[in-house]
Amino acid sequence: MRNWSTFGTITKQAFEIKKNPFPWKKAICAGFCAAIPALIGLLSGNLAYGMQAGIGGFTFLYVFNEPYAQRAKKLFWVMIGLSLSVGLGTMLAPYPWLFALMVGVIGAVGTFIFGALQIPGPAAVFFVLCFSMTSGMPIDPALAPLRASLVLLGGLLSWVIGMAGWLYQPHAPEMRAVKKVYSELACFLDSIGTADYNQARHRTVMQMRATDDILLAGYISWRSTDLFNRLILLNNHANEIFIHVMERFSEQSGKLPHELAAAVRGIVHSIDHKMDTRFTFRQPDEMDEGIDRLFRKIFDADAILNEPVSKINQDIKIFKRSLPTVFGGAFDKNSVVFLSAVRYGAILTIAAIVAYSFDFYRSYWIPLSCAAVMLGSTIISTFHRAIQRTLGTIIGILAASIVLSANPQGIFIILIIFSLTTLTELYIVRNYALAAMFITPNALLIAESSTHLHKLSIFATARITDVLIGCFIGLIGTYLTGRRSASSRLPHAIAKTIRSQMQYFQVLFSAQSKGYSFGKIQAQSKMHTNFDNLKIIYTTALGEIPNNKTALAELWPAIFSMEQLRFHLNACLKIKDRPILPDESLAQILFVFESMASAVEHKQSVVRKRIPKITGFSKIQKEIADLQNALGEKQFN
């Protein structure tokens, strides 16, 4: 009964409609990216070429709220990848076994790259789609350069449309991110002395981390604007305000004056108005020295907004991990990104072999459905996508069959493509099943528009069969290879993260810190890589079937403390007057770190040990103590 109850709950969750707002702008732009190439082809007298160029319109589906500097590079490589996928697929179409193997390779490489770089979105799915679709086109390897060029032209149009906003708001994503930091900081100030304090603190740290990533992604070494420099300084100053509050007000029982949060929200208001209006701050009638100092720090943020950058006595320091460092950290036998990529590629290869070994009609829908289902990051999310994909695709196939049987011509095909692409992007944020209802007929219309359907029932049955087989292979493969893999790796991942934080702590507070320059500390990169991997493992473990919810819930305070500790260690790197700890104190703290890591690794409870005082950095001392307390019980037994 319990299994049936769990199954019912998971199934119900698969059909939940999210309340996310409709992305009208992105959806309409995506529709134009898909329809304009087809329209150009129609006007030039060759609709088939226009339809093939429309495949490049999938490039726009990788547009998200990233800085334009990052978007330009991402979309460029996506359109190159889609073009190569179509060209390579055309060349390998006559060789089914080699074609099946390459499907897995493309899926694995795409999954690894998107996972290592932590790029949100459809990852390898559309590369697999473009490659697989070529098996349903007329087989002629000599057409590979032409088809690849057409897709590249369609991708170039998507690049232009995706980058159009840069012309009038070149730093809009970065501005939104900095505004979110100050909004969360204001909520954090309001939460002090209330029961919401810990949640608000965590949200603020997470937003600061996300904003750091966005600003780093928007950094261009050979081009730095006045606005971007101000945003960097504003973000750094928000970090300073947060640390100042944590050091001096986090332990107090009473609430802070509401004028403080109002002043921080005034910064958001000024950013909203393009930094050309000065906000008037209101101060309480009575305040002590600590509150007065905090107000002065907020006034400094207002100065960063309005004073010339040359008058602001602050250094702009950028630390950005190199691509070799990022990929090197992900290319590890214990990396979830690497293991997920290998699993994705292997299962996809099996699905492709099944598809091309039997006499399936237009068999590319089997690996495509398998690829879409496995996009879920956990077993539960994979199960959700299997249900959503199956139901949405069946409805979509029936709709596509009716549309194709009517043999649409000319402008009607273009209008249908535009409508289906727009509806897909509108509903993908609500529920994948709804989006699949529009994705399926759109892909079929592009790939099958020239096919003459003699029997509608045969066409629909073949597609539904392919989808069911693909979903089944993806679901079973993911369940067999990943049902307990994340949970078994948690102790090792936690121990590895603690040790990397220990190494970074040693660099920061020992005499060797004087020999390092900002941005060249390997221990910092290692700490970030290990913690990011830990978060992925923990999230994946939560979605395993079965999972020990109690044990995983007990681990969350430890992961929370490691997140807070990472933030404080990262922030103090920018502080020049860090103390050099005496050898005895440093050795004791390193011993505390190693004791925690060793205990977790051997699945033992952590014995609490004395933590020496860290002058000027009491929050780091407290977070180490909190981590020790969080690991004090036997969560792993």
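Right, let's walk through the structure included here. The structure presented is a predicted model; accordingly, all values stated were derived computationally and were not measured.

Here's the deal with the overall build of the protein chain
Then step 1. The helix and strand inventory of the protein chain stands at 24 helices and zero strands.
Then step 2. Residues counted as buried form 54% of the 637 residues belonging to the protein chain.
Then step 3. Intrachain contacts of the protein chain at a sequence separation of at least 6 include 81% that bridge at least 24 residues.

Focus: the nonpolar core
Then step 1. Formed by 56 residues in total, the largest nonpolar core has its most connected members in Ile-55, Phe-58, Leu-82 and Leu-348.
Then step 2. It is helix 6 (residues 125–133) that provides the largest number of residues to this core, a total of eight residues.
Then step 3. Counting residues in each nonpolar core, the second largest holds 48 residues, with Leu-508, Ile-559, Ala-597 and Ala-599 among its members.

A short note on helix 8 (residues 172–191)
Then step 1. Counted at 1.5 Å a residue, the expected span for helix 8 with its 20 residues is 28 Å, and the 29 Å between its end C-alpha atoms agrees.
Then step 2. Of the residues one or two after helix 8, Gly-193 is the one with positive phi, at around 85°.

Observations regarding the pattern of salt bridges
Oppositely charged side chains may form a pair once their charged atoms are brought near each other.
Then step 1. Evaluation of the coordinates by the stated rule reveals 16 salt bridges.
Then step 2. In this structure, Arg-209 and Asp-532 form a salt bridge, with 3.8 Å as the shortest nitrogen-oxygen distance. One end of the pair, Arg-209, is in helix 9 (residues 197–217); the other, Asp-532, is in helix 21 (residues 522–542), and 323 residues separate them in sequence.
Then step 3. Taking relative accessible area as the criterion, Asp-532 reaches 13% and is therefore assigned buried.
Then step 4. When the shortest N-O distance is used, the salt bridge between Asp-226 and Arg-230 registers 2.9 Å. On the criterion of helical spacing, the pair formed by Asp-226 and Arg-230 is a turn pair, its members being four residues apart in helix 10 (residues 226–249).
Then step 5. For Asp-226, a relative accessible area of 41% gives the class partly exposed.
Then step 6. Within this structure, Arg-209, Asp-213, Asp-532, Lys-535, Glu-563 and Arg-566 form a network of salt bridges that share partners.

Structural notes on a nonpolar patch on the surface
Then step 1. A contiguous nonpolar patch, built from Tyr-95, Leu-98, Leu-101, Val-105, Val-109, Ile-113, Leu-117 and Leu-323 and spanning about 670 Å² of accessible area, is present on the exposed surface.
Then step 2. For the nonpolar patch, the element with the most residues is helix 5 (residues 96–116), which contributes five residues.
Then step 3. Relative to the assigned elements, Val-109 resides in helix 5.
Then step 4. In this structure Val-109 comes out as partly exposed when scored by relative accessible area, which is 45%.

What to know about unusual backbone geometry
Then step 1. Its identity as a non-glycine residue notwithstanding, Ala-123 has a phi of 55°, on the positive side.
Then step 2. Turning to its location among the elements, Ala-123 is positioned in the loop between helix 5 and helix 6.
Then step 3. Using a relative accessible area of 12% as the deciding quantity, one classes Ala-123 as buried.
Then step 4. Of note, the phi angle at Lys-603 is positive, near 55°, even though the residue is not glycine.
Then step 5. With respect to the helices, strands and loops of the structure, Lys-603 is situated in the loop between helix 23 (583–601) and helix 24 (618–630).

Concerning the environment of Leu-43
Then step 1. Inspection of the secondary structure puts Leu-43 in helix 2 (residues 24–43).
Then step 2. For Leu-43, a relative accessible area of 69% corresponds to the exposed category.
Then step 3. As a C-alpha pair, Leu-43 and Ile-411 span 368 residues in sequence and 9.7 Å in three-dimensional space.

Topic: the packing of helix 11 (residues 258–272) against helix 12 (residues 289–306)
Then step 1. At their nearest, the axes of helix 11 and helix 12 sit 10 Å apart, and the two run at 5° to each other. Viewed along their axes, helix 11 and helix 12 adopt a mutual orientation that is roughly parallel. In this structure, helix 11 uses Glu-259, Leu-260, Ala-263, Val-264, Ile-267, Ser-270 and Ile-271 to contact helix 12, whose residues at the interface are Ile-291, Leu-294, Phe-295, Ile-298, Ala-301, Asp-302 and Leu-305.
Then step 2. Along the lines of polarity and charge, the residues of the contact of helix 11 with helix 12 split into eleven nonpolar, one polar and two charged.

Side note on the packing of aromatic side chains
Then step 1. Going through the model one piece at a time under the given rule, you end up with 22 aromatic pairs.
Then step 2. Here the aromatic rings of Phe-58 and Phe-126 are separated by 5.0 Å at their centres, their planes lie at 35°, and the arrangement is tilted. Highlighted residues: Phe-58 in the loop between helix 3 (47–54) and helix 4 (68–92) and Phe-126 in helix 6, separated in sequence by 68 residues. Like Phe-58, the residue Phe-126 is buried in the burial classification.
Then step 3. The cationic tip of Arg-430 hangs over the ring face of Phe-22; the distance from NZ or CZ to the ring centre is 4.0 Å.

Re the state of the cysteines
Then step 1. For the coordinates displayed, the defined rule picks out zero disulfides.
Then step 2. In this model Cys-471 remains outside any disulfide bridge; the closest cysteine sulfur is found in Cys-370, 8.4 Å from its own.

Concerning the side chain of Ser-561
Then step 1. On the secondary structure map, Ser-561 appears in helix 22 (residues 549–572).
Then step 2. Overall, Ser-561 belongs to the buried group, its relative accessible area being 5%.

What about the packing of helix 5 against helix 14 (residues 336–357)?
Then step 1. Interhelical geometry of helix 5 versus helix 14 gives an angle of 155° and a closest axis separation of 7 Å. One finds that helix 5 runs roughly antiparallel with respect to helix 14. Crossing geometry of helix 5 relative to helix 14 is assigned as right-handed.
Then step 2. Residues of the contact of helix 5 with helix 14, tallied by class, amount to 17 nonpolar, eight polar and no charged.

Definitions and limits used
Residues numbered from 1 in each chain as written. Predicted model: local features only at pLDDT ≥ 70, side-chain atom pairs only at ≥ 80, totals over all residues. Heavy atoms only, no water. Helix = DSSP H or I, 4+ residues; strand = E, 2+ residues; numbered from the N terminus. Buried < 20%, exposed > 50% of the residue type's maximum accessible area, 1.4 Å probe, protein only. Contact = heavy atoms within 4.5 Å. Core = buried A, V, L, I, M, F, W, Y, C linked by side-chain atoms within 4.5 Å. Expected span 1.5 Å × (residues − 1). Salt bridge = Lys/Arg side-chain N within 4 Å of Asp/Glu carboxyl O. Patch = residues over 30% accessible without salt bridge, like charges linked within 9 Å, V, L, I, M, F, W, Y side chains within 5 Å. Areas by Shrake-Rupley, 256 points an atom, 1.4 Å probe, with all protein chains shown as cover. Axes fitted to C-alpha atoms, helices over the stretch in contact; angles between N-to-C directions. Parallel < 35°, antiparallel > 145°, perpendicular 65-115°, else oblique. Nonpolar A, V, L, I, M, F, W, Y, C, P; charged D, E, K, R; others polar. Phe/Tyr/Trp six-rings, centres within 6.5 Å; stacked < 30°, edge-to-face > 60°. Lys NZ or Arg CZ within 6 Å of the ring centre and 35° of its normal. Disulfide = S-S within 2.5 Å. Left-handed = near helix turned anticlockwise from the far one by under 90°.

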